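Here's the letter readout for the chains.
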Amino acid sequence: PHAKRATSSATILSGADVRTGLDSAVLQQAVLDHLYYSLGRLPAVATPANYYRALALAIRDRLQQRWIRTSETYFERGRKLACYLSAEFLLGPHLGNNLLNLGLEQAAREALTALGQDLDAILDCEPEPGLGNGGLGRLAACYLDSLATLQYPAIGYGIRYEFGIFAQEIRDGWQTERTDKWLSGGNPWEIAKPDIAYEVKWGGHTERYIDDDGAERRRWVPYRVVRGIAYDTPIQGYGVDTCNTLRLWSAEAAESFDFQAFNTGDYFQAVDAKLRSETITKVLYPNDEPAIGKRLRLAQQYFFVTCSLQDMLRILDLAGGAIEQFAEHFAVQLNDTHPSIGVAELMRLLIDERGLDWDAAWTITVATFGYTNHTLLPEALETWPLPLFREVLPRHLEIIYEINRRFLDEVRACFPDDSARVARMSLIGEAGEKQVRMAHLACVGSHAINGVAALHSELLKASVLSDFHALWPERFSNKTNGVTPRRFLALANPGLRALLDETLGASWPVDLGRLRELESHIDDPAFRERWRAVKHANKQRLADYVQAHTGIVLDPDWLFDIQVKRIHEYKRQHLNLLHIVTLYQRLKTYPAFSFPPRAFLFGGKAAPGYFTAKRIIKLINAVAETINADPEVNGRLKVAFVPNFSVKNAQLIYPAADLSEQISTAGKEASGTGNMKFMLNGALTIGTLDGANVEMRDEVGAENFFLFGRTADEVARLQGEGYRPADYLAGDDELKAVMELIGSGHFSGGDSEVFRPLVENLTQSDPFLVLADYAAYVACQEGVSAAWADQEQWTRMSIINCARGGKFSSDRAIAEYAREIWGLQSVPIQV
Ligand code: GL2
């Protein structure tokens, strides 16, 4: 490398330039230095993965000054810090995003080209940190991006899972899961801070004691203690010097050996205790919505929450702040109920460890926390069996009982003689086995409670949290979700980005309302032509990817109709399938039946234990195989399942869509965020009045949105009356034939067993009203085909969808949280 340096640049680099310089010659040298010093490789033997790591390290060096300056400034200024507590952060690859946010893409490309490497191939080497399941985890990542970009003092706290969301492979049409060893090649972005570590207690019992002042107190005598170690990842804002921190906790044994066991000669048991401690942060639970009451999951939640709260106390102490001022220093947001044990834990820390009295501690706790609810599905509301909870967190159970005692007194005072209400609202559920209700704990312990889309927030107030709304209406608000336009527009769609830069100037990524100005160009045929060319190139890019990963060949001239998201009955991928089989059947029956050719793409993971979701994947692949192989239909219909949907391939998928499928049963999808990513990339939506679809349609206008299906009210009414799917089957011959075809084994090589459970589910119970919405959906899809036939008009609608998507920037959402919940001020950073 040193010989190269002499020949590569006439510039003599100072020591500082090597680590901070931003031009391509300096970057090139920095990559060579890291290859040599950090990886021990010469360019002649370096693989693309080696180059990835060297470039990542060079870029992290360039973040370092901003990162340290940011922490230092927050510390000096002593302003309020937003702490986003989330069990999931679905980050996606860092390198491309950091290059974008630092404005270094061009320089990096040139540096690598000079080294004989291709930046895109290098970017592709990054394994993605899949530390989340889906929308909830990705939302947390988008919010970190916006917090940094808007220069808000903020920190994300979560769990450093050794294995993230499993990698999905499709074998014989079935999903199989492979562990995600994202750390196996090392993680160049994180910095371990072993000196930032906290004790996490576990199990045991509590006891009464008399403190030095003669007061009676309680303390926790744990059975076990583990340690949580901080791993920090930089979160660089776009176009600013702010570089915030994501702090993820990793579990370690408190002592590397159980010395007693060791001394008695039981070496195995001694090491085993260490292994057991470390399992806490081994793996992400791969369940999206339904909560699963597993001990290890409670362990994970408590583990990261106590480390985070102890970290805040340490920061407060370092800054010399008074404990009474805790809530002025920290606004803590609970991303769903997963971190809601924090309410009891902060009480414990304040009372047991800092000596505050109950009332002072409670005032601080409620002023500190805000709670975001992300789902209405009853099975997803977390509860813990009381015996399990007591065994793991005995002191917290005592605290929760006391919170509950005082809380229920307040309920009785407001609603005298209403014991049913008291039972409904209690933190302890008494039906069947006793349960600790985490959503109730979150509501009682937070000054602000919000849903994630207007409809969802209203339904929360009317249904699952109606009693809390009756008691504390002032605590409730809506914060409609948003997505970062940096990753999901600028980075994912370079073609559109170039067109937007040229048309609007460069500020749109931080001022997304400016997309509106696109509307003044919709009547310009040349502009529309360029718009279509961008979409076409994106479709070709996706077609190449699909072919490489599935062998299926797609034509970018066809309509790309895409549904990517977790596989779940309420999201109704099977409704989409029924439409596809309907088209197939029409083509087979009437060969002259004509419609514009369509490629249907699906992607998404099913929870490994979710029987019906896994069978839906199998059915998608079975239908795809039959259709794609049949020359009578495959000139107008193709179906592909893109394996292993992830942030990485999502960035190829959203920009290539013509039509976005957002077809959940109304009232079930809290918000959705994929819907927004498609919209910003110029896809039209076919959707129900669910989640944020409602607000998207308000923005684009009814004429630019394909609406179908029952409303949330109608769904509730139909289910209340006793919904009978058989009625819909009996009244619709085409639907009946479709169901029979699937049940007959036509798509499964004559095997009439494999899809029987799906067919029976739909025809006998149909919990998500697939059959009830089928006819409206098929009719609406006919409207889509008709609209597609007029390409000029379609392009206008596509432009309008992008132009009116500005509301769905996560910058707007974060500004609302900062102002209305956190009381947060931005702090500009100067390096
Ligand atoms: C979810 C909701 O299902 C989804 O509609 C919402 O957009 C996201 C983010 O608010 O949260 N809730 C949930 O538990 N998961 C989600 O994706 N997993």
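Residues numbered from 1 in each chain as written. Predicted model: local features only at pLDDT ≥ 70, side-chain atom pairs only at ≥ 80, totals over all residues. Heavy atoms only, no water.

### Looking at the side chain of Asn133
(1) Moving on: Residue placement: Asn133 occurs in the loop between β3 (130-131) and α8 (135-149).
(2) Moving on: Of the polar contacts made by the side chain of Asn133, one reaches the side chain of Arg566; its length is 2.8 Å. (Helix = DSSP H or I, 4+ residues; strand = E, 2+ residues; numbered from the N terminus. Polar contact = N/O pair within 3.5 Å; in protein donor to acceptor, adjacent residues only side chain to side chain.)

### Observations concerning the domain arrangement of the protein chain
(1) Moving on: Taken domain by domain, the protein chain consists of domain 1 (9-68), domain 2 (78-93 + 128-479) and domain 3 (485-814).
(2) Moving on: The centre of domain 1, based on its C-alpha atoms, is set 38 Å off from the matching centre of domain 2.
(3) Moving on: Domain 1 puts 10 residues into the contact, and the matching count from domain 2 is 15 residues.
(4) Moving on: For the domain 1 face of the interface with domain 2, the top three residues by lost area are Arg60, Arg66 and Trp67, together amounting to 56%.
(5) Moving on: The interface formed by domain 1 and domain 2 holds one salt bridge in total. (Domains from an automatic or database assignment. Contact = heavy atoms within 4.5 Å. Buried area = accessible area lost by both parts, 1.4 Å probe. Salt bridge = Lys/Arg side-chain N within 4 Å of Asp/Glu carboxyl O.)

### So, the nonpolar core
(1) Moving on: Phe389 and Trp822 are the most contacted members of the largest nonpolar core, which totals 114 residues.
(2) Moving on: Looking at this core element by element, the count peaks at 11 residues for helix α11 (residues 295-318).
(3) Moving on: The contacts of Trp822, once residues within four sequence positions are left out, are Lys80, Ala82, Tyr84, Leu147, Ala331, Gln333, Ile814 and Tyr817. (Core = buried A, V, L, I, M, F, W, Y, C linked by side-chain atoms within 4.5 Å. Buried < 20%, exposed > 50% of the residue type's maximum accessible area, 1.4 Å probe, protein only.)

### Description of helix α3 (residues 24-38)
(1) Moving on: Taking 1.5 Å per residue, 15 residues should reach 21 Å; α3 reaches 20 Å between its end C-alpha atoms and fits that length.
(2) Moving on: Extensive coverage of α3 is indicated by the burial of 11 of its 15 residues.
(3) Moving on: For α3, the set of buried residues is Ser24, Val26, Leu27, Gln28, Gln29, Ala30, Val31, Leu32, Asp33, His34 and Leu35.
(4) Moving on: At the N-terminal boundary of α3, the capping side chain belongs to Asp23, with an oxygen 3.0 Å from the backbone nitrogen of Ala25.
(5) Moving on: At the exit of α3 stands Gly40, carrying a positive phi of roughly 65 degrees. (Expected span 1.5 Å × (residues − 1).)

### Points about the packing of aromatic side chains
(1) Moving on: Applying the stated criterion across every chain yields a total of 22 aromatic pairs.
(2) Moving on: When the ring of Phe326 is compared with that of Phe330, the centres are 5.0 Å apart and the planes differ by 40 degrees; the resulting orientation is tilted. Neither Phe326 nor Phe330 differs from the other in exposure class; each is buried.
(3) Moving on: Centre to centre, the rings of Phe407 and Trp472 are 5.7 Å apart; their planes meet at 35 degrees, and the pair counts as tilted. Of this pair, Phe407 sits in helix α16 (residues 394-414) while Trp472 sits in the loop between α20 (466-471) and β18 (476-478), placing them 65 residues apart in sequence.
(4) Moving on: We classify Trp472 as buried; its relative accessible area is 6%.
(5) Moving on: Through a chain of ring-to-ring contacts, three or more aromatic side chains come together here, namely Tyr84, Tyr143, Tyr817 and Trp822.
(6) Moving on: One residue, Lys193, lies across the ring of Trp67, its end atom 5.6 Å from the ring centre.
(7) Moving on: The side chain of Arg421 reaches across the aromatic face of Phe415, ending 3.9 Å from its centre. (Phe/Tyr/Trp six-rings, centres within 6.5 Å; stacked < 30°, edge-to-face > 60°. Lys NZ or Arg CZ within 6 Å of the ring centre and 35° of its normal.)

### Quick word on the side chain of Arg486
(1) Moving on: Its location among the elements puts Arg486 in helix α21 (residues 485-491).
(2) Moving on: For Arg486, the side chain forms a polar contact with the side chain of Thr149, separated by 3.5 Å.

### Quick look at the site of the ligand
(1) Moving on: Near the ligand lie 13 residues; those nearest to it are Asp288, Glu289, His374, Glu669 and Gly672.
(2) Moving on: Contact between the ligand and Glu669: an oxygen atom at 2.6 Å from a side-chain N or O atom of the residue.
(3) Moving on: Summarising the interface, the protein chains cover 95% of the accessible area of the ligand, which totals 390 Å² for the free molecule.
(4) Moving on: Across the shell around the ligand, the residue classes break down as five nonpolar, five polar and three charged.
(5) Moving on: Three or more residues apiece are contributed to the shell around the ligand by two domains, here domain 2 (78-93 + 128-479) and domain 3 (485-814). (Near = heavy atom within 4 Å. Areas by Shrake-Rupley, 256 points an atom, 1.4 Å probe, with all protein chains shown as cover. Nonpolar A, V, L, I, M, F, W, Y, C, P; charged D, E, K, R; others polar.)

### Structural notes on the pattern of salt bridges
(1) Moving on: Tallying each qualifying case throughout the model produces 64 salt bridges.
(2) Moving on: For Asp232, the salt bridge identified is with Lys193, shortest N-O distance 2.7 Å. Residue Asp232 is found in strand β10 (residues 224-236), and its partner Lys193 is found in strand β7 (residues 191-202); the two are separated by 39 residues along the sequence.
(3) Moving on: For Asp232, a relative accessible area of 1% gives the class buried.
(4) Moving on: A salt bridge links Arg421 to Asp467, with the shortest nitrogen-to-oxygen separation between them at 3.5 Å. Of this pair, Arg421 sits in helix α17 (residues 419-425) while Asp467 is found in helix α20, placing the two residues 46 residues apart along the sequence. By the burial criterion, Arg421 is buried, and Asp467 matches it.
(5) Moving on: The network of salt bridges with shared partners includes Asp359, Glu402, Arg405, Arg406, Asp409 and Arg412.

### Examining the sheet that holds strand β21 (residues 637-642)
(1) Moving on: Taken in spatial order, the six strands of this open sheet run β21-β20-β19-β22-β23-β24, and their pairing is parallel. Lying at the two open borders of the sheet, with one neighbouring strand each, are β21 and β24 (706-707).
(2) Moving on: Looking at chain direction, strand β19 (residues 559-564) and strand β20 (residues 598-603) are connected through six bridges and run parallel. The residue bridging Ile562 from the neighbouring strand is Leu601, located in β20. (Pairing = 2+ DSSP bridges.)

### Description of the pairing of strand β5 (residues 167-171)
(1) Moving on: Taken together, the five bridges between β5 and strand β6 (residues 174-178) define a ladder with antiparallel strand orientation. Across the sheet, residue Glu169 finds its bridge partner in β6, namely Thr176.
(2) Moving on: What sits between the antiparallel neighbours β5 and β6 is a turn of two residues, in which Asp172 has the positive phi angle 55 degrees.

### Examining unusual backbone geometry
(1) Moving on: With a phi angle near 60 degrees, Gln151 is a residue other than glycine that sits in the positive phi range.
(2) Moving on: Residue placement: Gln151 occurs in the loop between α8 and β4 (154-159).
(3) Moving on: Since its relative accessible area comes to 18%, Gln151 is described here as buried.
(4) Moving on: Phi at Asp336 takes a positive value of approximately 70 degrees, unusual for a residue other than glycine.
(5) Moving on: In this structure Asp336 comes out as buried when scored by relative accessible area, which is 6%.

### Notes on the sheet that holds strand β17 (residues 448-451)
(1) Moving on: Strand order in this open sheet of nine strands is β7-β10-β11-β4-β1-β12-β13-β17-β18, and the pairing throughout is mixed. Two strands lie at the open edges of the sheet, namely β7 and β18, each paired on one side alone. In this sheet, adjacent strand axes meet at a mean angle of 25 degrees when their direction is disregarded.
(2) Moving on: Against the sheet, helix α13 (residues 342-353) contacts β7, β12 (330-335) and β13 (369-372), and its axis sits at roughly 165 degrees relative to β13. (Axes fitted to C-alpha atoms, helices over the stretch in contact; angles between N-to-C directions.)

### Quick look at the packing of helix α22 (residues 494-504) against helix α23 (residues 525-550)
A pair of packed helices can be characterised by two numbers: the angle between their axes and the separation between those axes.
(1) Moving on: Direction vectors running N to C along α22 and α23 enclose 160 degrees, while the axes themselves pass 9 Å from each other. When the axis of α22 is compared with that of α23, the two are roughly antiparallel. Contact residues: Pro494, Gly495, Leu496, Leu499, Glu502 and Thr503 in α22; Phe527, Arg530, Trp531, Val534 and Arg541 in α23.
(2) Moving on: Grouping the constituent residues of the contact of α22 with α23 by class yields six nonpolar, two polar and three charged. (Parallel < 35°, antiparallel > 145°, perpendicular 65-115°, else oblique.)

### Details of the environment of Gly722
(1) Moving on: Mapped onto the elements, Gly722 comes out in the loop between α29 (712-721) and α30 (725-730).
(2) Moving on: For Gly722 and Tyr570, which are 152 residues apart along the polypeptide, the C-alpha to C-alpha distance reads 18 Å.

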